[in-house]
Amino acid sequence: MAESDEVDRIVESWQRERPDLDFAPLQVLSRVKRLSIHLERARRSSFAHAELDSWEFDVLAALRRAGSPHELSPKALLQQNHVSSGTMTNRIDRLAERGLVERRIHPNDGRGVLVALTPDGLTRVDTAISRLLAAESDLLEGLSRSDVEELTGLLRRLSIAFDIV
């Protein structure tokens, strides 16, 4: 028999008390919730090492993923970060004050602005992603490569319905 965890014990108690209910969702999503706590700790630690908050990493990571010259319009940033325009403006202002991004005039539209990573922003986001991947690998160390691939596929199927395009 496989090892039990706290969720197994909780579900067993519920099944005893409420045998009329199907606890399959609790079996899955309670574990996801518990794992999210560990993931959030790993993220905070990885970002703190680079002296970044989570929201700062999210903005800088979007710029980094854009490829050289690591710049995007504020509209593209807000779409990728799923925040309002006011929130994104505030975030860009704060990152610019810290010297992690800079605003540039759009070369094809003199009225437009692009937000670009500075060298310091690039260094910090690269440090954070390297630390995050190491921490996340540690979280998955109990799974084989095929287990990770299977779990990836299952979670992808589940999350597609929630993706914001």
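Since this is a predicted model, take the numbers as computed values, not measurements.

Examining the environment of leucine 35
Thinking step 1. Mapped onto the secondary structure, leucine 35 falls in helix H2 (residues 24-49).
Thinking step 2. Residue leucine 35 is classed as exposed on the basis of its relative accessible area of 56%.

Regarding unusual backbone geometry
Thinking step 1. For the bond running from serine 68 to proline 69, omega is 10°, close enough to zero to count as cis.
Thinking step 2. For proline 69, the position within the fold is in the loop between helix H3 (54-65) and strand S1 (71-72).
Thinking step 3. Residue glutamate 51 is not a glycine yet carries a positive backbone phi of 55°.
Thinking step 4. Structurally, glutamate 51 is set in the loop between H2 and H3.
Thinking step 5. Since its relative accessible area comes to 53%, glutamate 51 is described here as exposed.
Thinking step 6. In this model, histidine 70 sits at a positive phi of 60°, which is unusual for a non-glycine residue.
Thinking step 7. Position of histidine 70 among the secondary structure elements: in the loop between H3 and S1.

A few points about the packing of aromatic side chains
For any two aromatic rings, the description comes down to two numbers: the centre-to-centre distance and the angle of the planes.
Thinking step 1. Inspection of every chain in the model, using the stated rule, returns 2 aromatic pairs.
Thinking step 2. Between tryptophan 14 and phenylalanine 23, the ring centres sit 6.1 Å apart and the planes meet at 25°, which makes this aromatic pair stacked.
Thinking step 3. Between phenylalanine 47 and phenylalanine 57, the aromatic rings sit 4.3 Å apart at their centres with planes inclined by 20°, giving stacked as the arrangement. Taken together, the residues phenylalanine 47 in helix H2 and phenylalanine 57 in helix H3 connect sequence positions 10 residues apart.

A look at the layout of surface pockets
Thinking step 1. Taken as a whole, the largest pocket holds about 1,100 Å³ of empty space.
Thinking step 2. Lining the largest pocket are 23 residues, and of these Leu35, Leu140, Leu143, Leu151 and Leu155 lie nearest its centre.
Thinking step 3. Going through the elements one at a time, H2, helix H6 (119-139) and helix H7 (145-160) are the ones with two or more residues in the lining of the largest pocket.
Thinking step 4. Each residue belonging to the lining of the largest pocket can be placed in one class, and the counts come to 13 nonpolar, 6 polar and 4 charged.

Quick notes on the rules
Residues numbered from 1 in each chain as written. Predicted model: local features only at pLDDT ≥ 70, side-chain atom pairs only at ≥ 80, totals over all residues. Heavy atoms only, no water. Helix = DSSP H or I, 4+ residues; strand = E, 2+ residues; numbered from the N terminus. Buried < 20%, exposed > 50% of the residue type's maximum accessible area, 1.4 Å probe, protein only. Phe/Tyr/Trp six-rings, centres within 6.5 Å; stacked < 30°, edge-to-face > 60°. 1 Å grid on protein atoms, 1.4 Å probe; cavity = no way out; pocket = protein on both sides within 12 Å on 5 of 7 lines; lining within 4 Å. Points joined across faces, edges and corners; volume = space filled by probe spheres on them. Nonpolar A, V, L, I, M, F, W, Y, C, P; charged D, E, K, R; others polar.

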